[in-house]
Amino acid sequence: MTGTGRDNAFQEIRPVQALRTPTFEFTEVRGHGDLAEHDRRLEELARDAAAAAASQTALVLAPPVATLTEMSLDLGPDGEELLEDARANAGAGEYQLALDQLAEYLQSAPDHQEARYLRAYCLFQLGGPDQVKALRILRPLRDERVEAELRERIRDLRGELRRRLTPLEVTAYTETVRTDPAGALARVEAFLELAPEEGTLSYLLGVGQARDGDLELALDTATRGAAEADVDQEPVRALARRLLLAQLAPVAAPAVSEFKAGNLHRARHALLGMDPRWRRNTVLDDFDAFLALLIELPRQIPLPAPKLPPDRTEDLYSLIAETDGQQAALLMQTGRAEQAERLLAHVLSLVPRFPWLNFLYAACLYRLGRDPDRAAECAETAVRDPGLAQAAELLEAIRGWQEATVINPAVKEYVDAMESVRDGVSVDRLATLRHRLSALERRLPVLKAAARSEQGVQVVQELKTAIAQRLREVADAMVVGGLYEKYDRVMSTAKGGVSDAQAADRLAGSLDGLTQEIKTTRKNAGKGSTSSQLDDLAKLVSDRRAEVSRVKTSVQVSDLVRRFNQLAEQHSGPNSPSRPRDPYVVRGQLSGILGDAQQLRRNAKGSFDARDRKLLDELIGTISRTLR
C-alpha cells in the first residue's frame, strides 16, 4: 500500500537553439604597393562602362545658328557666304555637304573658331569613328579664348562626346590591359589628352604606370588628373595620395622609426634632414606638426589624434603604420594571429583612429575569439572608410559574435537545467530547477539588450517563453509532488499493517483529507499534464481508501470472531471454570456480539471481501441458533 508519485513530465515545446557565430574569412589586404583594391575598382569600372554604353540616349544639342559671328577675321563676302551656307546645311541635317563647305572655308581660315566648331558638330552627327575626330577638333578650343555663346556650345558638345566615348574607351582598356598592357595604356593615354576632365581615364593610366613600376610618372598623372577632372575626381585624387605615400614611406622611415621608439625630438630632426625634394609636402608637414603637438603634451597611451581633417589624418597614419599593417595582415594570412595581435595592439596605440589598422585588429580579435566588445569598437571605426570592402561584413559578424557570447551561455544554462530533471523529479529537485530558471529569468533584460540581430531577438524571445512555461509547469509539478510526498507519508504509517479499527480510521481520515486537497488543487490546475497527474493521484488515493475500508472491515470481523471464540472456550473447553457462569450473562454477551455483527453487516456493505462476508454471515448464524 505505497505510491511513489514521481512520474511528472514537462510539456514538449520547440527547443531553444543557440546562436551560430557568423563566419568571416579575412581577405582584405591594402597597401600603397599593393594594387588589389585597384583591381576591384577596375572591375567596377568595366561594369559601369558597359552599363553606361548600353543605356545611352542622345543629347539634343542646339543646332548652329547664324547669330554666331567671328569678330577676328574678315574673309570678304564670298567667304562669309560659304560659312552661311555651311551653317544652313548643318541646321538642315545636310552634314556631309556642310563638311565639304567647311573644309573649303577652313583652307583660307584654319583658326576660325566657329567653323571648327561646326565641323566637329557635323562629325558628331554623322557618328561612328568621326566622333573621336570631333573631340580632337574641339580639344584646342577648350583652352582658347572664345566668345561666351560659342564657348557654351563647345562645352555642351564636348560633354556629349565625352559621355558617349569614355565608356567605350574604358571598356577597351579593361578588355585588353591583361593581354596587351602597353597597348592599353597607350590608347587610354591618347584619349586622356582629348578628355582630361575624365577622372577615370587619369585613374586607369596612373594605375597602369604604377604597375609598370614608374611611381613618379604615375604620381604625376594622378596629380594632374585630380586637378583637371570634373567627373570621377575622388578616385584619382585618392590614387594620387596613395602613390605619394608609397614614395614617401621609404624616405621617411628613419623619422617614423624614431617616433615609434618614443624619440620625438630625434624624429623631428630626421624630418629636417630629408631631401628637400621630398620634404616639401603636406603629409610631412602634418607629421612634423603632430610631433610638435606630442612634445608639448604629457605622454599618454593611446596617443591623441592629430588636429587634422580626416583625409589628412589618414595619410599621416598611413605613413606611420602602413608597413606594420601589411606585416600584420601577412601574419594573419599565414596562421600567426597571436603575433599579429601583439603587433597591432602596439601600433594601434600610436594611431588609434586609423580605419585600416582598426579593421585588421578587429579581424584578428575575431579570429582569436577574444574581446568581442573591443573588436566591435574597432570594426565600427573601420566602416567609416568606404575603401575597406570587408569592414561592413566584419562588423556584422562581430555583432553576431557579441550577442552569441552573451545569449548562448544562457541557452546552455537552460538546457542543462532541464537535463537535470530528465531522469525524474522530486520536490527538492523541482525547487532547485525553479531556482535556476528564476535566475535565468532575471537575466532576460540583459540578454534582450545584447540581441543585435533578428535571429538573436528571436532566440531571446524563445528562451523567455520557454522559461515562463517551464516555471509554470514546475510550480504545478511541485504542488503535485508535494501531494505525492504527503501520500507517501500517510501510507508509511501502514507499513507494518493495520492492527485495529482505530488505526484504520486514522489512516482513512488522512486519506480523506488528502482527497479533498487533490480536489481543490485539481479545480485550480485546469487542463494539462498536471491535471492528468492529479487524476492519477486521486485514483491512487481512492483505491487506497477503499482498501483501508476493506482492511478495517476484515479487522472488525476478525475481532467479532475472536470475541465469540473466547466466550465459547470459556464455557465449553477443558479449561472452562468448574462452576457454570450465569446463563443470562453468557446470553447477554452473545447478544452483544450478535448486535455488533449485524450492525457491521448493515454498515460495511461494499467494503466486504467474499471471505469476510462469509465468515461474518456464519458468525451471525451460529450466534442466532445458539440464542434460540
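Check the entry above for the structure.
Thresholds, definitions, all that
- Residues numbered from 1 in each chain as written.
- Predicted model: local features only at pLDDT ≥ 70, side-chain atom pairs only at ≥ 80, totals over all residues.
- Heavy atoms only, no water.
- Phe/Tyr/Trp six-rings, centres within 6.5 Å; stacked < 30°, edge-to-face > 60°.
- Helix = DSSP H or I, 4+ residues; strand = E, 2+ residues; numbered from the N terminus.
- Buried < 20%, exposed > 50% of the residue type's maximum accessible area, 1.4 Å probe, protein only.
- Arc of directions from axis to C-beta.
- Contact = heavy atoms within 4.5 Å.
- Axes fitted to C-alpha atoms, helices over the stretch in contact; angles between N-to-C directions.
- Parallel < 35°, antiparallel > 145°, perpendicular 65-115°, else oblique.
- Left-handed = near helix turned anticlockwise from the far one by under 90°.

Caption draft 1: Spatial organisation of the packing of aromatic side chains. Inspection of every chain in the model, using the stated rule, returns seven aromatic pairs. The interplanar angle of 50° and the centroid separation of 6.1 Å between the aromatic rings of Phe259 and Phe290 together place this pair among those described as tilted. One end of the pair, Phe259, is in helix 10 (residues 233-260); the other, Phe290, is in helix 13 (residues 282-296), with 31 residues separating them in the sequence. When its relative accessible area of 1% is taken as the criterion, Phe259 is described as buried. When its relative accessible area of 2% is taken as the criterion, Phe290 is described as buried. Centroid distance Tyr366 to Trp401: 5.4 Å. Interplanar angle 90°. Geometry classified as edge-to-face. Here Tyr366, found in helix 16 (residues 355-368), pairs with Trp401, found in helix 18 (residues 391-419); they are 35 residues apart in sequence, far enough to count as distant.

Caption draft 2: Molecular detail of helix 11 (residues 264-272). Those residues of helix 11 not exposed but buried are Leu264, Ala267 and Leu271. Down the axis of helix 11, the buried side of the element spans an arc of 55°, and every buried residue falls inside it. Residues of helix 11 that are exposed and point more than 90 degrees away from the buried face comprise His265, Arg266, His269 and Leu272. Tucked into the core, helix 11 has its buried residues touching helix 10, helix 12 (276-279) and helix 13.

Caption draft 3: Inspection of unusual backbone geometry at higher detail. Positive phi, close to 50°, is recorded for Asp232, a residue that is not glycine. Relative to the helices and strands, Asp232 resides in the loop between helix 9 (215-228) and helix 10. The residue Asp371 is not glycine, and still its phi comes out positive at about 50°. Structurally, the position occupied by Asp371 is in the loop between helix 16 and helix 17 (372-382). Owing to a relative accessible area of 41%, Asp371 belongs among the partly exposed residues under this scheme.

Caption draft 4: Representation of the packing of helix 14 (residues 310-333) against helix 16 within the structure. Where helix 14 meets helix 16, the axes come as close as 10 Å, and the angle between the chain directions of the two elements is 25°. Comparing their axes, helix 16 and helix 14 come out roughly parallel. Where helix 14 crosses over helix 16, the handedness of that crossing is left-handed. Note on element contacts: helix 16 touches helix 14 through Trp356, Leu357, Leu360, Ala363, Cys364 and Arg367, opposite Ala321, Glu322, Gly325, Gln326, Ala329, Met332 and Gln333.

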